[in-house]
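Spelled out, the chains give:
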Amino acid sequence: MTTRNNAQAVPSEYPEPLWAQAKAALLARIKSGEVKPGSRLPPERELCRMLDISRVTLRKALTSLVDEGMLRSAHGRGWYVTHAERADWPNTLESFSETARRMGLVATSHVLRSGVEACTFDEAEWFHIAPGTGVFRLHRVRMLDQVPIAVDQSLFPVDVAAGFDDIDFTTASLYDVMTSRGHRLAQAETTIEARAADADLAAHLAIAAGTPVLEMRQMVRDSAQRPLLSSSIRYAGDRYRLRTSFARTVHSW
């Protein structure tokens, strides 16, 4: 897609609208791997020449691909490929790595912070421990097929995190590690809110500061209701979505 010779112009006599044909042509190149996740598309002027369409038509095709989670727009910098489809939040308690495997994607992480630190008053209350007690902090940029998806800030009691210093969390699944050590992650209290990305978060996710993100806060407990893990995960809004289902209870009066 980097040279005009490899591209085919969209035939104007084809029954589909030109923008839909342009979208299909771009999508085919993305799915074939010709344009890799995280890479930038050629400039709009070049795309117009390659596809022999107007900029208005091209913009409609690009916007449709953004709506489907295939592209993202970086103001003043162009259009970037995300990945084949948006990842879905599961309806069960499932780790990021488990979600990736279910979707046929590869989960990796860039570790930003890892180690034991004194807990704050609020954190002490979460875990029913004394303020200043050591807790293990693990902050990571989570990626799917090398595309940054979220920044995960997790916190654990030190006994739960025993040996975490020896784990390579660039590839290891946190839930797999905890389960292998006998911790049963039974349920999670979860809240989800929309936030604006600050400069630091925006840099990690390669988005513009102020871009809406989805923040998911969780307290994960075992079957005895002991808090095992507290996390705050902020997702790039154009790369992750919440899909769930609701059933209506029929009441008999």
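Residues numbered from 1 in each chain as written. Predicted model: local features only at pLDDT ≥ 70, side-chain atom pairs only at ≥ 80, totals over all residues. Heavy atoms only, no water.

It is the rolling of a water-molecule-sized probe over the atoms that shows where space remains empty. In this structure, the second largest pocket spans a volume of roughly 200 Å³. Glu123, Trp126, Gln153, Arg217 and Ser232 are, among the 13 residues lining the second largest pocket, the residues nearest its centre. For the lining of the second largest pocket, the elements supplying multiple residues, two or more each, are α5 (121–127), β5 (134–144), β6 (147–157), β8 (212–221) and β9 (227–236). Element by element, the count of residues in the lining of the second largest pocket is highest for β9, at 4 residues. Across the lining of the second largest pocket, the residue classes tally to 2 nonpolar, 6 polar and 5 charged. (1 Å grid on protein atoms, 1.4 Å probe; cavity = no way out; pocket = protein on both sides within 12 Å on 5 of 7 lines; lining within 4 Å. Points joined across faces, edges and corners; volume = space filled by probe spheres on them. Helix = DSSP H or I, 4+ residues; strand = E, 2+ residues; numbered from the N terminus. Nonpolar A, V, L, I, M, F, W, Y, C, P; charged D, E, K, R; others polar.)

Across its 13 residues, helix α3 (residues 55–67) extends 18 Å between first and last C-alpha, which sits within 8% of the 18 Å expected from 1.5 Å per residue. Along α3, the residues classified as buried are Thr57, Leu58, Ala61, Leu62, Ser64, Leu65 and Val66. Structurally, α3 contributes buried residues whose contacts are with α1 (18–31), α2 (44–51), β1 (71–74) and β2 (78–81). Of the residues trailing α3, glycine 69 is marked for its positive phi of about 80 degrees. (Expected span 1.5 Å × (residues − 1). Buried < 20%, exposed > 50% of the residue type's maximum accessible area, 1.4 Å probe, protein only. Contact = heavy atoms within 4.5 Å.)

What follows is about the packing of α1 against α3. Put simply, α1 and α3 touch, their axes get as near as 8 Å, and they point 55 degrees apart. In terms of axis orientation, α1 runs oblique to α3. In this structure, α1 crosses over α3, and the sense of that crossing is right-handed. Of α3, the residues touching α1 (which contributes Leu18, Trp19, Ala22, Lys23, Leu26 and Leu27) are Thr57, Leu58, Lys60, Ala61, Leu62, Ser64 and Leu65. Its residues assigned to classes, the contact of α1 with α3 comprises 9 nonpolar, 2 polar and 2 charged. (Axes fitted to C-alpha atoms, helices over the stretch in contact; angles between N-to-C directions. Parallel < 35°, antiparallel > 145°, perpendicular 65-115°, else oblique. Left-handed = near helix turned anticlockwise from the far one by under 90°.)

Turning our attention to the packing of aromatic side chains. Within the structure shown, the criterion is met by 4 aromatic pairs. Between phenylalanine 136 and phenylalanine 164 the ring centres are 5.5 Å apart and the planes differ by 90 degrees, which places this aromatic pair in the edge-to-face class. Of this pair, phenylalanine 136 sits in strand β5 while phenylalanine 164 sits in the loop between β6 and α6 (174–180), placing them 28 residues apart in sequence. Judged by relative accessible area, phenylalanine 136 falls into the buried class, the value being 2%. Look at phenylalanine 164 and you get buried, because its relative accessible area is 1%. (Phe/Tyr/Trp six-rings, centres within 6.5 Å; stacked < 30°, edge-to-face > 60°.)

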